[in-house]
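Per-entry structural report
In case you want the letters, here they are:
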Amino acid sequence: MTKLSELNIYNAHPWAVPVVPDVTDPYFAQPMPWQFTEPLLELIKQMFTEVENFFKSRNLPVEIAIYEVKDVLDVSTFRV
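Let me sum up the structure you'll find in this document. It should be emphasised that the depicted structure is a prediction, and the values quoted were computed from it without experimental measurement. (Residues numbered from 1 in each chain as written. Predicted model: local features only at pLDDT ≥ 70, side-chain atom pairs only at ≥ 80, totals over all residues. Heavy atoms only, no water.)

1. Some words on the nonpolar core
The condition is simple: Here, nonpolar core means buried Ala, Val, Leu, Ile, Met, Phe, Trp, Tyr and Cys residues that are tied together by side-chain atoms lying within 4.5 Å of each other. When a residue's accessible area, from a 1.4 Å probe over protein chains only, is under 20% of the maximum for its type it is buried; when over 50% it is exposed; and in between it is partly exposed. Numbering of helices and strands runs from the N terminus, with a helix taken as a DSSP run of H or I at least four residues long and a strand as a DSSP run of E at least two residues long. Throughout, a contact is declared for two residues whenever any of their heavy atoms are within 4.5 Å.
Counting 12 residues, the largest nonpolar core is built from L4, I9, Y10, W15, A16, W34, F36, L41, I44, F48, I66 and V69. At the level of elements, α1 (6–12) and α2 (38–57) are the ones that each hand at least two residues to this core. Here this core gets 3 residues from one element, more than from any other, and that element is α2. Apart from the residues lying within four places of it in its own chain, the contact partners of Y10 are A16, V17, P18 and W34.

Take a look at the structure:
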């Protein structure tokens, strides 16, 4: 089995390739290449699959603009 990568995910879900707007605002720049671990890549792949299935189940084209995927998963626990 091929190792999962950013390119593999984009090949499976071409609509998920980041959009780089043509603006002069320095806020937008080329997205950084992914440095995610294999388990996070699996989560991203699953998320993209679920998004795609949502649109397919309604016979709609996938119309989403992704600007960048970042590792911002934060799980917090609280004691009561």
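2. Looking at the side chain of H13
Selection criterion: By the criterion applied in these results, polar contacts are pairs of N or O atoms within 3.5 Å in which, for protein atoms, one can donate a hydrogen and the other can accept it, and in which residues neighboring in sequence qualify only through two side-chain atoms.
In this fold, H13 is placed in the loop between α1 and α2. Polar side-chain contacts of H13 include one of 3.1 Å to the side chain of E52. Residues within four places of H13 in sequence aside, it is in contact with K45, F48, T49 and E52.

3. Concerning unusual backbone geometry
For N59, which is not glycine, the phi torsion reads 55° and is therefore positive. As for its placement among the helices and strands, N59 is situated in the segment after α2.

4. A look at the packing of aromatic side chains
Pairs of aromatic rings are described using the distance from one ring centre to the other and the angle between the two planes. Just so we agree on the cut-off: Pairing of aromatic rings covers Phe, Tyr and Trp, the last through its six-membered ring, and needs centres within 6.5 Å; plane angles under 30 degrees mean stacked, over 60 mean edge-to-face, and all others mean tilted.
Under the definition given, this model contains 4 aromatic pairs. For the pair F54 and F55, a centre-to-centre distance of 5.5 Å together with 85° between the ring planes defines the contact as edge-to-face. A relative accessible area of 15% means that F55 is categorised as buried.

Fair warning: the whole summary comes from geometry, so function is off the table for now.
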